Amino acid sequence: MALSGRIGTLLVAVPGLSGVVYPEGTRVTIQGTGGSVDGFVDGDWLPLAWWEFADVRPEDATG
């Protein structure tokens, strides 16, 4: 599943739809804007609130 979007980092542990809990620091693909957005890790969907992630600057995402 190819998703385009911006890159974020989890600030807290968040469970995905699969039941896997992704720890703080996990990189996620973010889609949407506002108070809640869709996050994805290897195709697993994470419904995220604004306080659960931080955007990664484009220059920091390629490291």
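Every value quoted in this text rests on a predicted model; they were computed, and no experiment measured them.

So, the sheet that holds strand β5 (residues 36–41)
Pairing in this open sheet of 5 strands is antiparallel, and the strands run β6-β5-β4-β1-β7 from one edge to the other. The sheet terminates laterally at β6 (44–49) and β7 (53–55), the two strands that pair on one side only. When strand polarity is set aside, the average angle formed by the axes of neighbouring strands in this sheet is 40 degrees.

Considerations on the pairing of β5
Relative to β5, strand β4 (residues 27–31) runs antiparallel, the two sharing 3 bridges. Counted as the bridge partner of Thr29 is Phe40 from β5. The antiparallel pairing of β4 with β5 creates a hairpin that spans 4 residues between the two strands, and Gly32 there sits at a positive phi of about 100 degrees. Direction of pairing for β5 relative to β6: antiparallel, over a ladder of 6 bridges. Considered in β6, the bridge of Phe40 is made with Trp45. With antiparallel pairing between neighbouring strands as the criterion, β5 and β6 make up a hairpin whose turn holds 2 residues, including Asp42 at a positive phi of roughly 50 degrees.

Calculation rules
Residues numbered from 1 in each chain as written. Predicted model: local features only at pLDDT ≥ 70, side-chain atom pairs only at ≥ 80, totals over all residues. Heavy atoms only, no water. Pairing = 2+ DSSP bridges. Helix = DSSP H or I, 4+ residues; strand = E, 2+ residues; numbered from the N terminus. Axes fitted to C-alpha atoms, helices over the stretch in contact; angles between N-to-C directions.

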